[in-house]
Amino acid sequence: MVNNRWWKEAVVYQIYPRSFNDSNQDGIGDIPGIIEKLDYVKDLGIDVIWLCPIYKSPNADNGYDISDYQAIMDDFGDLEDVERLIEEIHKRDMKVIFDLVVNHTSDEHEWFIKSSSSLENEYRDYYIWEKGKDNNNKPPTNWESFFGGSTWTYDKKTDEYYLHLFDEKQPDLNWENQEVRAKIYNMMRWWLNKGIDGFRMDVINMISKNQNFPDGEKDPDEDYGDGKPYFLNGPRLYEYIKEMGEEVLFDYDIMTVGETLNFGVENAKKFSEVNGKELLDMVFHFELMSVDRNDESKWIKEEIDLKEIKKIYKKWNHGLYKSGWNAIYLGNHDQPRIVSRFGNDEEYRVESAKMLATMMMTMPGTPYIYQGEEIGMTNVAFNDIGKYRDVETINHYRIEINKGKAKDEVMKEIQRVSRDNARTPMQWNDELNAGFTQSTPWINVNSNYKEINVEKSINDSDSIYNYYKNIIKIRKNNIGLIYGKYKPLLEDHESVFLYIREYKNEKYLIILNFFEQELSVEIPINIKTKEVKLLISNYKDIILNNQILNLRPYESLVFKLG
Ligand code: TEU
Ligand code: CA
């Protein structure tokens, strides 16, 4: 039997503060700006807000490079603002989880400044320092950073290299050092005691590294090898997370969600609890994030195969049915806009965005809506690299151009994949800068804001926004959609996604036409009885002949089968 928990019944809304709402007209979203919009979030039907990093940071990676965990980024406000934010969220009967970024800090963190000051400094061992190969002329390993280039940067002063899986301004902390861990746990308690309701744990399965630092496998024509086997799910990962549970998590009624690359269902289950105590409640796996891209490079496109998507959901839904829990997301601040990626952001923007919402809200697991998804915000196609802000995007451009790739081709990749697609300002209305700011925004607003914005969406009863609102309500009023068992049907069908959710004597049937082609499908269940009720659909009527349902582009339907 599945245990009922508040975080299983919650719908989460992710806020990327920099791009949400600017209250003081400096072009950057901020904490008071979020407070101004809490009623909007609440009204959508949200229970939990996941707030991306708001800590002090020089912003090499928009706050994922933290220079002080217990202070606030100047652009965003101060600690008082944050305390008020927590209070205002709670006042509205919502909860808030913070981003926990403890695989690395900023190189401007006091710990790193001390660590890099000399070999003897007491903070030296807080980070991962190694001698290079070939008389210290080459990095210790051939690993490639997520943002391109080596994972090691040479430090002249102490004549050693430090490890950074991400940007060189994001040195990896040395979790082998017990003092580092103790300080992190203290910091976590400090925030929990301020009343936050949990953490989203950034790249949490990277914190334990294989201490032999072996080279990764490498293609002869590539510059770098694959270090993932040596820093993902490392030898002491479970020990560390369990310790974090004992030192911090077990003492609070909170929710935790780990961001985990290549983790797998078995790990998700294993890490979800220990001796009946909740550890990592759920994880963000990346399997759906690679269905439209090449395994080797996220920049190379592949066609979406619905059968693969079905397999991924089945594996995770069945795997975590009895123990563990799923996190359901299609997009976030690192991914393209979901309607542009999995739907159709032109002719069928509204229909396809509703179809994707239907899938998310009827899957087992806690759904995460990324800001702007609820109004169907789309990718942005800046024509000039100078308009992009994301470090990964800018590095990619430089590296590919240096390799001799044509500019047009690189820009096309960037327009499709860049993380900045999700980071353009929230579109509130059709006024200057979409109502995000009165001054120049830190990144340009998507030019479609006159068409796509919150104000317009609220006033249109047929909008994506009102559909989200509606389906969130439906999910809450039908507990079977939360706890029900997942049963896929027509698993080999290439364009229709069909499944049942079953809970005690409740039963639901979900039908999604995943693509734009119209088609007919024979429904293996009789839906023409008086017990069957259509809960929601994204078309005004339904075309049914006997058991044959005619599905229009991206048509989606949710039935309650008595
Ligand atoms: O992301 C980790 C991650 O592996 C990727 O999603 C990453 O954003 C990138 O696309 C790799 O190609 C987390 C954060 O969500 C991301 O914003 C940070 O940049 C990163 O960690 C480092 O903290
Ligand atoms: Ca501001």
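Quick notes on the rules
Residues numbered from 1 in each chain as written. Chains lettered and ligands numbered in written order. Predicted model: local features only at pLDDT ≥ 70, side-chain atom pairs only at ≥ 80, totals over all residues. Heavy atoms only, no water. Helix = DSSP H or I, 4+ residues; strand = E, 2+ residues; numbered from the N terminus. Rg over C-alpha atoms; globule rule 2.2 N^0.38 Å. Buried < 20%, exposed > 50% of the residue type's maximum accessible area, 1.4 Å probe, protein only. Contact = heavy atoms within 4.5 Å. Areas by Shrake-Rupley, 256 points an atom, 1.4 Å probe, with all protein chains shown as cover. Lys, Arg positive; Asp, Glu negative; His and termini not counted. Charge placed at Lys NZ, Arg CZ, Asp CG, Glu CD. Near = heavy atom within 4 Å. Polar contact = N/O pair within 3.5 Å; in protein donor to acceptor, adjacent residues only side chain to side chain. Nonpolar A, V, L, I, M, F, W, Y, C, P; charged D, E, K, R; others polar. Pairing = 2+ DSSP bridges. Phe/Tyr/Trp six-rings, centres within 6.5 Å; stacked < 30°, edge-to-face > 60°. Lys NZ or Arg CZ within 6 Å of the ring centre and 35° of its normal. Donors = N, O, S within 2.8 Å, 3.2 Å for Na, K, Ca; no water. Axes fitted to C-alpha atoms, helices over the stretch in contact; angles between N-to-C directions. Parallel < 35°, antiparallel > 145°, perpendicular 65-115°, else oblique. Left-handed = near helix turned anticlockwise from the far one by under 90°.

A. Inspection of the overall build of the protein at higher detail. Looking only at helices and strands, the protein has 18 helices and 23 strands in total. For the protein, whose C-alpha radius of gyration is 24 Å, the value lies close to the compact-globule estimate of 24 Å for 562 residues. With the C-alpha coordinates of the protein rotated into their principal frame, the extents come out at 80 × 55 × 55 Å. Across the 562 residues in the protein, those meeting the buried criterion constitute 60%. In the protein, 71% of the contacts between residues at least 6 apart in sequence involve partners at least 24 apart. Surface accessibility of the protein: about 22500 Å² in total, with carbon and sulfur atoms responsible for 43%. Both charge centroids of the protein, one from 71 positive and one from 98 negative side chains, sit 5 Å from each other.

B. Representation of the site of ligand 1 in the model. If you check the shell around ligand 1, you find 17 residues, and the closest are Asp 61, Asp 202, Asp 334, Glu 392 and Arg 419. Between an oxygen atom of ligand 1 and a side-chain N or O atom of Glu 259, the distance comes to 3.1 Å. The contact in question runs from an oxygen atom of ligand 1 to an N or O atom on the side chain of His 333, over 2.9 Å. A total of 490 Å² of accessible area belongs to ligand 1 in isolation, and the protein chains cover 95% of it. The residue makeup of the shell around ligand 1, split by class, is 5 nonpolar, 3 polar and 9 charged.

C. Representation of the pairing of strand E10 (residues 255–259) within the structure. Burial of E10 is extensive: 5 of the 5 residues sit out of reach of the surface. Here E10 shows a buried face lined by Met 255, Val 257 and Glu 259 and a second buried face lined by Thr 256 and Gly 258. Taken together, the 4 bridges between strand E9 (residues 198–201) and E10 define a ladder with parallel strand orientation. Bridged to Phe 199 within E10 is Thr 256. In terms of strand pairing, E10 meets strand E13 (residues 282–284) through 3 bridges, oriented parallel. When the bridges of E13 are listed, Gly 258 appears paired with Val 283.

D. Region of the structure containing the packing of aromatic side chains. Per the counting criterion, the structure on display carries 41 aromatic pairs. Aromatic side chains Trp 129 and Tyr 162 sit 5.5 Å apart centroid to centroid with 70° between the ring planes, which places their arrangement in the edge-to-face category. Residue Trp 129 is located in strand E6 (residues 129–130), and its partner Tyr 162 is located in strand E8 (residues 160–163); the two are separated by 33 residues in the primary sequence. With respect to class, Trp 129 is no different from Tyr 162; both count as buried. What links up through ring pairs into an aromatic cluster is the set Tyr 55, Tyr 69, Phe 98, Trp 111, Tyr 123, Tyr 126, Trp 190 and Trp 191. Note that Lys 37 overlies the ring of Trp 428, its terminal NZ or CZ placed 4.0 Å from the centroid. For Arg 124, the ring lying beneath its charged end belongs to Trp 129, and the centroid distance is 3.7 Å.

E. Structural detail: the side chain of Gln 427. Residue position: Gln 427 is located in the loop between helix H15 (407–417) and helix H16 (454–459). Sequence-distant contacts of Gln 427, defined by excluding residues within four places in its chain, comprise Ile 375, Met 377, Ala 434, Val 445, Asn 446, Asn 448, Tyr 449, Ile 452, Asn 453 and Val 454.

F. How the structure looks around the coordination of the calcium ion (ligand 2). Around the calcium ion (ligand 2), the donor atoms from the protein are Asp 22 (OD), Asn 24 (OD1), Asp 26 (OD), Ile 28 (O) and Asp 30 (OD), and they sit 2.2 to 2.3 Å away. Taken in sequence order, the residues that donate to the calcium ion (ligand 2) follow the motif D-x1-N-x1-D-x1-I-x1-D. Classification of Ile 28 by relative accessible area gives buried; the value is 11%.

G. A look at the packing of helix H7 (residues 178–193) against helix H9 (residues 237–247). Two elements in contact, H7 and H9, have axes separated by 10 Å at closest approach and are oriented at 45°. In terms of their interaxial angle, H7 and H9 are classed as oblique. Crossing of H7 against H9: the hand is right-handed. Only Tyr 240, Glu 243, Met 244 and Glu 247 of H9 make contact with H7, whose side of the interface consists of Arg 181, Tyr 185, Met 188 and Arg 189. Of the residues assigned to the contact of H7 with H9, the class counts are 4 nonpolar, no polar and 4 charged.

Distances and angles like these do not, on their own, reveal function.
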